[in-house]
Structures are given as structure tokens and as C-alpha cells.
Number of protein chains: 2
Amino acid sequence: MRPLRPPPIVSVDIVLLTLHQGRLQAALHKRGRAPFLACLALPGGYVHPEEDASAEETALRVLREKTGIQPRYLEQLRTFAGAARDPRGWSAAISHVALMPHEELRQAGDEMFHFYDVDQLPELAFDHAEQIRAAVERVRNKASYSTLPCWLLPELFTLTQLQRTYEQIFGETVPRGTFRSRLGIKVGEMQAGEAADQADILIATDQFQGGSQRPARLFRVNRLSLFKRASW
Amino acid sequence: MRPLRPPPIVSVDIVLLTLHQGRLQAALHKRGRAPFLACLALPGGYVHPEEDASAEETALRVLREKTGIQPRYLEQLRTFAGAARDPRGWSAAISHVALMPHEELRQAGDEMFHFYDVDQLPELAFDHAEQIRAAVERVRNKASYSTLPCWLLPELFTLTQLQRTYEQIFGETVPRGTFRSRLGIKVGEMQAGEAADQADILIATDQFQGGSQRPARLFRVNRLSLFKRASW
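All values reported here derive from a predicted model rather than from experimental measurement. (Residues numbered from 1 in each chain as written. Chains lettered and ligands numbered in written order. Predicted model: local features only at pLDDT ≥ 70, side-chain atom pairs only at ≥ 80, totals over all residues. Heavy atoms only, no water.)

1. A closer look at the overall build of chain A
- What chain A contains, in helices and strands, is 5 helices and 9 strands.
- The helix and strand sequence of chain A, counted from the amino end, reads β-β-β-β-α-β-β-α-β-α-α-α-β-β.
- For chain A, buried positions account for 53% of its 232 residues.
- The contacts of chain A with a sequence gap of at least 6 include a subset with a gap of at least 24, amounting to 61%.
- Roughly 11300 Å² of accessible area belongs to chain A as shown, and the carbon and sulfur atoms make up 47% of that amount. (Helix = DSSP H or I, 4+ residues; strand = E, 2+ residues; numbered from the N terminus. Buried < 20%, exposed > 50% of the residue type's maximum accessible area, 1.4 Å probe, protein only. Contact = heavy atoms within 4.5 Å. Areas by Shrake-Rupley, 256 points an atom, 1.4 Å probe, with all protein chains shown as cover.)

Below is the structure:
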């Protein structure tokens, strides 16, 4: 007969990404208990079958309970599962990626989180470094054909701020003309309330930022829009 | 006090895709037990913590035990998890997508599997229809910038067969010139053992298919290669 083992442990981890000091950074906290006591780790927690309707709800509950924050964007990444990743037993960590403007994150979780460049990570607990690498790959990939980066900005932003956000995610300069044409923005022609194009990528507000000299119009994102991919 | 609930159930489901009758099809079987008795469903099974080192190994074991097959390509899709998807309790199904040439699949699992067009699915058990939709989206997306479709063909194939495979995945015609230039193939110039380009996308063999009149060279894929994406 096979020896009986305890059932798999099911938890949720969250790769919480933000832009800080012009770089894409991950929010990490110091673990307060074993295993990996005092190691830097992603926020996460066990699934509570009696209160979480879904894994996404587990992720939202964990962030709410531990930090009081509600991420502007949350999506499931993939599950890191196996016998060796956690000394407590066979475990499945349903990994999520969340995006937040740094200002909101700092206000809520400042005492809890330490921020590290995603390309210069310290030693982390479990397979959390691998989870961050997978999350960054997903975000950089998705940023190349969608409005995902908008969720790293406050609700209202200028087009220049948005362009800088794309550049900070990719770690390289994005030509202004190319940037605006990908987003379907006809500069200078948009009136308040008008969408950037028929796909409603960005909505122009009637608010402006900056002094009386060349104030910049503020925009908000309508929803996660995908750009047209290069097709065959 | 909160009522104690059993721990989450952890299982693996496999969206096994193949090309059959010129269409992308999913392999489904009729469930032999409750819940969803006699409903069509994806192959899948519980994680066995005592023998599966990872979720991928669970997927391979389930396919091996149930059908004797070993998929040519397997990757994790995402996890479908929550309180409502399985009447037995809170469950996490780590969904995978697998690709196989239909001939291999038919030989091994013919008595077990029924094949359905992914765009015309019957009623399925659990959230399996949703899993198939997510898998097809992943495969179509990845096919647009990688050699993924090669794993739906036998080990050796002609360039025309490969072009048809891309077309059947997308459900639309792919111009021959565009197809070959995306794969970096300079037609007529490749010798046996030569790679299609510096990225080693395809390897030309010294074998041919067809009669003495215009025989077509057979190729094999080297590894999963990504094409250069349209960049900013």
C-alpha cells in the first residue's frame, strides 16, 4: 500500500509590481515565520475554502487583510506546484500579478513592503524569484500590445506620463510618434470625453496638468484594450 | 468559530488538441462516474503527492495511465479554481494544453476519445468548455509568433504540410511567401542538415516525400522558437 500523505497545500501568491524611481519594482515583505523566516517574500496566503469563492478572491482578501490595498489590476499568472517547493509538503501556489501606482501602494503598505528592481532581485523565499521573472515577462509582453501599463499610473495621466511608463517597463526609449500611433492618438485633435479611437483605448478628460504655458490634457484608460497584432 | 471545511481538491486537467479533418479538435471522453456521469469531459485526475514531483508530472502520469500516450508538447495553461466549479468542494484544476498529431493520438486513445471541433463544442462537464476556449486562445496566439504548430505534425513534415497546419489553427489562408519569410525559409536553397535560419527554427533532412516528380523535402523542428515580434 502507498503511504498516506497529507493533501496538497493550496495558496495564492501575488507579484505586486509598481513603477518607482523610474524602474519596474516588486513589493516584497520580510517573512515573520518559518519556513524562510526573515527572508524576503511575495505577499500571499492560504486559500480559505469557507470564504474565498475563487483564487482571485483569495488574492484580493490576502492583500486587503495584510495591507488594506486593492490593486488596480489583477490577473492570474500560473501555478507553481510540486513536492519540493515548500518544506511543509506538496503545494500549489496560484501565482497572480497585480499592478498599482507606487503612490497608492506606498500610502497603504509602506511599513510592510520593501521595493526591489525586478532585474536586480535579492535572495527570496520559495520560488518567488521565479514567480517575479514570469510576471515581468508577462507584463512586458502584454505591454507591447495592450494598455496594461495604464494600471501603473494614477487614474488620470498625461500622454507623456504614459509614454514614460511604457519606456520604464521596457527599459528602453519608445519614439513619441510610434507610441501615439500604436495607441491611435491623433495629437491635438481630441476633445474632452472623446475616445482615442474607435476601440476606446483612452478617454480624454476636460482636465489639464501643468502651468498656463502648454498645459497637458489628462486622460484615463477605458478598459484593458489590445492593439492589433502584427498578423500573417 | 468558522466551520471547518475539507481542504481544497487539487487536480490536473489536460486540453489535448489535435488537427483532424482539417480542423483544430479537442480530445474528450465520457465520464464513468459522478459528478457529471456520462458527460463529455477533458482527461484529468487528482494530484498524487506521493508520486508526482510536479503538476506537469501529474498531467503526464494521467495521460500515460489513462491512454498510454505521451504528448509531443505540454504546457501549463492556468488554474481554474473556486468553490462552485465542482460539487465535491473547493477545487483547483491546474489546466494544461497538450498537442499531438492525430495519427498518434488515434492509435493510442481511439476507444477512449471523441474528437470535437474546438469552435463547435457539445455540452461539457465542469468548466471544461471554458478551459478549451482558453487553451485555443493560447495556441492561436502562440502560433502567430512561434513554431508551436509543428507539434501537431508527425516528426518529419513538408513545408506545405506545415503551412496547412498554421492555416487550420487560424482557420484562414496564410500566403505562402509570408509564411516562409516568417519562418526564415529560403526555398530551394536549403541542404540536408541545414537550419532554416540562424535561430535553428527548422532543420532540413535528406528525406523527401512524394513521387519522382517534384518530391518535397522533409523537415523537422529543432525546438520551440519564437519569431521576432513586431516591436515598438
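2. Examining the pairing of strand 5 (residues 73-82) of chain B
Residue and element names in this part refer to chain B.
- Summarising burial for strand 5: 9 of the 10 residues are buried, a large majority.
- Here strand 5 pairs with strand 6 (residues 91-99) via 8 bridges, running antiparallel. Opposite Tyr73, over in strand 6, you have Leu99 as the bridge partner. (Pairing = 2+ DSSP bridges.)

3. Some words on the interface of chain A and chain B
- Each partner contributes to the interface: chain A provides 43 residues, whereas chain B provides 44 residues.
- Taken together, the connections running from chain A to chain B amount to 0 salt bridges.
- Where chain A packs against chain B, one counts 7 residue pairs in polar contact (both at pLDDT 80 or more).
- Where the side of chain A that touches chain B is concerned, the elements lending two or more residues are helix 1 (55-67), strand 5 (73-82), strand 6 (91-99), helix 3 (128-143), helix 4 (159-170) and helix 5 (176-182) of chain A.
- A per-element tally of the side of chain A that touches chain B places strand 5 of chain A first, with 6 residues.
- Split by residue class, the side of chain A that touches chain B holds 25 nonpolar, 10 polar and 8 charged. (Salt bridge = Lys/Arg side-chain N within 4 Å of Asp/Glu carboxyl O. Polar contact = N/O pair within 3.5 Å; in protein donor to acceptor, adjacent residues only side chain to side chain. Nonpolar A, V, L, I, M, F, W, Y, C, P; charged D, E, K, R; others polar.)

4. Quick look at the pairing of strand 2 (residues 23-30) of chain A
All names here are of chain A.
- Of all 8 residues that make up strand 2, 6 are buried, and the element is covered over most of its length.
- Linking two consecutive strands that pair antiparallel, namely strand 1 (residues 9-20) and strand 2, is a turn of 2 residues; a positive phi of about 55 degrees is found at Gln21 within it.
- With 4 bridges connecting them, strand 2 and strand 7 (residues 114-117) associate as antiparallel partners. Bridging from a neighbouring strand, Ala27 pairs with Phe115 of strand 7.

5. Notes on the relation of the copies chain A and chain B
- Between chain A and chain B, which share one sequence, the superposing operator has a rotation angle of 180 degrees and an axial displacement of 0.0 Å; the RMSD is 0.0 Å. On the angle and the small slide along the axis, the relation comes out as a two-fold axis. If distances are taken from each C-alpha of chain A to the rotation axis, the shortest is found for Arg78 of chain A, at 2.6 Å.
- An overlap of 100% is found between the interface residues of chain A and their copies at the interface of chain B, pointing to a shared contact surface. (Least-squares fit on C-alpha atoms with pLDDT ≥ 70 in both.)

6. With respect to the packing of aromatic side chains
- By the definition in use, this model includes 10 aromatic pairs over all chains.
- Ring plane angle 45 degrees and centroid distance 6.4 Å describe the contact between Tyr166 of chain A and Phe170 of chain A, whose orientation is recorded as tilted. Within this pair, Tyr166 of chain A and its partner Phe170 of chain A are both found in helix 4, separated by 4 residues, close to a single helical turn.
- In this structure Tyr166 of chain A comes out as buried when scored by relative accessible area, which is 0%.
- A residue is classified by how much of its surface remains accessible, and Phe170 of chain A, at 19% relative accessible area, is buried.
- Between the aromatic rings of Phe36 of chain B and Phe126 of chain B, the centroid separation amounts to 4.6 Å while the plane-to-plane angle is 55 degrees, which identifies the pairing as tilted. Here Phe126 of chain B lies in the loop between strand 7 (114-117) and helix 3 (128-143) and Phe36 of chain B lies in the loop between strand 2 (23-30) and strand 3 (40-41), a separation of 90 residues in the sequence. (Phe/Tyr/Trp six-rings, centres within 6.5 Å; stacked < 30°, edge-to-face > 60°.)

7. Describing the environment of Ser144 of chain B
Residue and element names in this part refer to chain B.
- Tracing the backbone through its elements, the reader meets Ser144 in the loop between helix 3 and helix 4 (159-170).
- Looking at Ser144, the relative accessible area reads 13%, which means it is buried.
- One polar contact links the side chain of Ser144 to the main-chain carbonyl oxygen of Asn141, over a distance of 2.5 Å.

8. Side note on helix 1 of chain A
- Taking 1.5 Å of rise per residue, 13 residues should cover 18 Å, and helix 1 of chain A covers 18 Å from first to last C-alpha, within 8% of that figure.
- Here helix 1 of chain A has its buried residues at Ala55, Thr58, Ala59, Arg61, Val62, Leu63 and Thr67 of chain A. (Expected span 1.5 Å × (residues − 1).)

9. Side note on the side chain of Asp13 of chain B
All names here are of chain B.
- Here Asp13 shows up in strand 1 (residues 9-20).
- You can call Asp13 buried: its relative accessible area is 7%.
- Within the local environment of Asp13, its side chain forms a polar contact with the side chain of Gln131, the two groups lying 3.0 Å apart.
- Contacts of Asp13, omitting those with residues within four sequence positions, involve Leu42, Pro43, Gly44, Arg85, Ala93, Ile94, Ser95, His96, His128 and Gln131.

10. Here we look at the environment of Val47 of chain B
- Topologically, Val47 of chain B is positioned in the loop between strand 4 (44-46) and helix 1 (55-67).
- Take Val47 of chain B: its relative accessible area is 6%, and that puts it in the buried class.
- Taking the C-alpha atoms as reference points, Val47 of chain B and Arg61 of chain B, separated by 14 residues in sequence, lie 9.6 Å from one another.
- Among residues more than four places away in sequence, those in contact with Val47 of chain B are Pro8 and Trp90 of chain A together with Val10, Ser11, Val12, Asp52, Thr58 and Arg61 of chain B.

11. Topic: the pattern of salt bridges
- The tally for this structure, following the rule as stated, stands at 24 salt bridges over all chains.
- Arg85 of chain B serves as the salt-bridge partner of Asp13 of chain B, at 3.9 Å between the closest nitrogen and oxygen. Of this pair, Asp13 of chain B sits in strand 1 while Arg85 of chain B sits in the loop between strand 5 and strand 6, placing them 72 residues apart in sequence.
- A salt bridge links Asp117 of chain B to Arg23 of chain B, with the shortest nitrogen-to-oxygen separation between them at 2.6 Å. Placement of Asp117 of chain B in strand 7 and of Arg23 of chain B in strand 2 is noted, with a sequence separation of 94 residues between them.
- What makes Asp117 of chain B buried here is its relative accessible area of 13%.
- By relative accessible area, which is 36% here, Arg23 of chain B ends up partly exposed.
- Within this structure, Asp13, Arg85 and Asp127 of chain A form a network of salt bridges that share partners.

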